[in-house]
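Observations on the model geometry
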Amino acid sequence: LAKTTQPISMDSYEGQEVNITCSHNNIATNDYITWYQQFPSQGPRFIIQGYKTKVTNEVASLFIPADRKSSTLSLPRVSLSDTAVYYCLVGRPRQLTFGSGTQLTVLP
Amino acid sequence: ETGVTQSPTHLIKTRGQQVTLRCSSQSGHNTVSWYQQALGQGPQFIFQYYREEENGRGNFPPRFSGLQFPNYSSELNVNALELDDSALYLCASSLLGARENIQYFGAGTRLSVL
């Protein structure tokens, strides 16, 4: 399984765009990149998944450069309710391997 | 709302006891996975069940066992509870064979071992 590295924590203010970058140097050819969001005392929630270039859905965008060794989750115009832990996962294994994630704190 | 429900939401046990946690998968999903999440950590994979058979296991001892039923609901059983078993236990359902391995999580069961 490809190892991922992401910042431990980030702070932002309401209304700003937030970009969280994940490094995955050992990504394999068939691996997908998936991001989950988790609020305290809740299960992780799927946000977005991509393989290459750019993927956008109603809540986020995922940017993946050509070499696929990193990816950036972009959250447009965050609000206080976006305060959560964000996990970057790589692969398409039976089991998901979560790191410690990035604690995003949105300030008023 | 993921359609994955877990029960109970909270549970308190004492060391040495046994516990059973339950999970109802999202409709149409054939695979269920269980994860343990200690405070401040990411979820750790315990095992996965597909068509009522174990289909992968993480680094957990045999006293962690599971069942999947024909209706795809599932149980996690933990015997001889230890203090370190105190955690949030998460169930996730998915469709094995789908192009994307997206897992849908329940809200979890908070287990406290005293």
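Read on for a plain summary of the structure. Keep in mind that what you see is a predicted model, and the values were worked out from it rather than measured.

Analysis parameters
Residues numbered from 1 in each chain as written. Chains lettered and ligands numbered in written order. Predicted model: local features only at pLDDT ≥ 70, side-chain atom pairs only at ≥ 80, totals over all residues. Heavy atoms only, no water. Helix = DSSP H or I, 4+ residues; strand = E, 2+ residues; numbered from the N terminus. Buried < 20%, exposed > 50% of the residue type's maximum accessible area, 1.4 Å probe, protein only. Contact = heavy atoms within 4.5 Å. Areas by Shrake-Rupley, 256 points an atom, 1.4 Å probe, with all protein chains shown as cover. Lys, Arg positive; Asp, Glu negative; His and termini not counted. Charge placed at Lys NZ, Arg CZ, Asp CG, Glu CD. Buried area = accessible area lost by both parts, 1.4 Å probe. Salt bridge = Lys/Arg side-chain N within 4 Å of Asp/Glu carboxyl O. Polar contact = N/O pair within 3.5 Å; in protein donor to acceptor, adjacent residues only side chain to side chain. Pairing = 2+ DSSP bridges. Axes fitted to C-alpha atoms, helices over the stretch in contact; angles between N-to-C directions. Disulfide = S-S within 2.5 Å.

**With respect to the overall build of chain B**
Each helix and strand counted, chain B has zero helices and 11 strands in total. Its helices and strands in sequence order give chain B the pattern β-β-β-β-β-β-β-β-β-β-β, from N to C terminus. When burial is assessed residue by residue, chain B has 49% of its 114 residues classed as buried. For chain B, restricting intrachain contacts to residue pairs at least 6 apart in sequence, the fraction spanning at least 24 positions comes to 53%. Total accessible area on chain B is roughly 5500 Å²; 49% of this is exposed by carbon and sulfur atoms. Across chain B, the centroid of the 8 positively charged side chains sits 4 Å from that of the 9 negatively charged ones.

**Quick look at the interface of chain B and chain A**
Listed by partner, the interface residues are 22 residues for chain B and 17 residues for chain A. Buried area between chain B and chain A, summed over both chains or domains, comes out near 1700 Å², and the portion from carbon and sulfur atoms is 50%. Where chain B meets chain A, there are zero salt bridges. Across the contact surface, chain B and chain A share four residue pairs in polar contact (both at pLDDT 80 or more). Those elements that place two or more of their residues in the side of chain B that touches chain A are β4 (31-37), β5 (44-50) and β9 (87-94) of chain B.

**A closer look at the environment of G56 of chain B**
All names here are of chain B. Position of G56 relative to the elements: it lies in strand β6 (residues 53-57). Since its relative accessible area comes to 18%, G56 is described here as buried. As for G56 and F45, which are separated by 11 residues in sequence, their C-alpha atoms are 9.4 Å apart.

**Notes on the side chain of T20 of chain B**
Residues and elements named next belong to chain B. Relative to the elements of secondary structure, T20 occurs in strand β3 (residues 19-24). Taking relative accessible area as the criterion, T20 reaches 18% and is therefore assigned buried. Side chain to side chain, T20 and Q18 meet in a polar contact 3.0 Å long. Among the polar contacts listed, one links the side chain of T20 to the side chain of N77, at a separation of 2.6 Å. Ignoring any residue separated from it by four or fewer positions in sequence, one finds T20 in contact with E75, L76 and N77.

**Let's talk about the sheet that holds strand β8 (residues 74-78) of chain B**
To summarise the sheet geometry, strands pair through backbone hydrogen bonds and adopt either a parallel or an antiparallel arrangement. Residues and elements named next belong to chain B. With antiparallel pairing, four strands are arranged side by side in an open sheet as β1-β3-β8-β7. Either end of the sheet is taken by a strand with one partner, and the two such strands are β1 (5-7) and β7 (64-68). Averaged over all adjacent pairs, the angle separating strand axes in this sheet is 20°, with direction ignored. Where β1 and β3 come together, three bridges link them in antiparallel fashion. Note on β3: the bridge partner recorded for T5 is S24.

**Observations concerning the state of the cysteines**
All names here are of chain A. A complete count under the given rule lists two disulfides over all chains for this structure. One disulfide bridge connects C22 with C88, the sulfur atoms lying 2.2 Å from each other. The S-S bond linking C22 to C88 shows a torsion near -80°; that makes this disulfide left-handed. Residue C22 is located in strand β2 (residues 18-23), and its partner C88 is located in strand β8 (residues 84-90); the two are separated by 66 residues in the primary sequence. The same class applies to C22 and to C88, which are both buried.

**Some details on unusual backbone geometry**
Between S7 of chain B and the following residue, P8 of chain B, the backbone shows a cis peptide bond with an omega angle of -10°. Summarising the element assignment, P8 of chain B is placed in the loop between β1 and β2 (10-13). At R77 of chain A, a residue that is not glycine, the phi angle is positive and equals roughly 45°. Within the chain, R51 of chain B stands out as a residue other than glycine whose phi angle is a positive 50°. In this structure, R51 of chain B sits in the loop between β5 and β6. Look at R51 of chain B and you get exposed, because its relative accessible area is 58%.

By themselves, these figures tell us nothing about what the structure is for.
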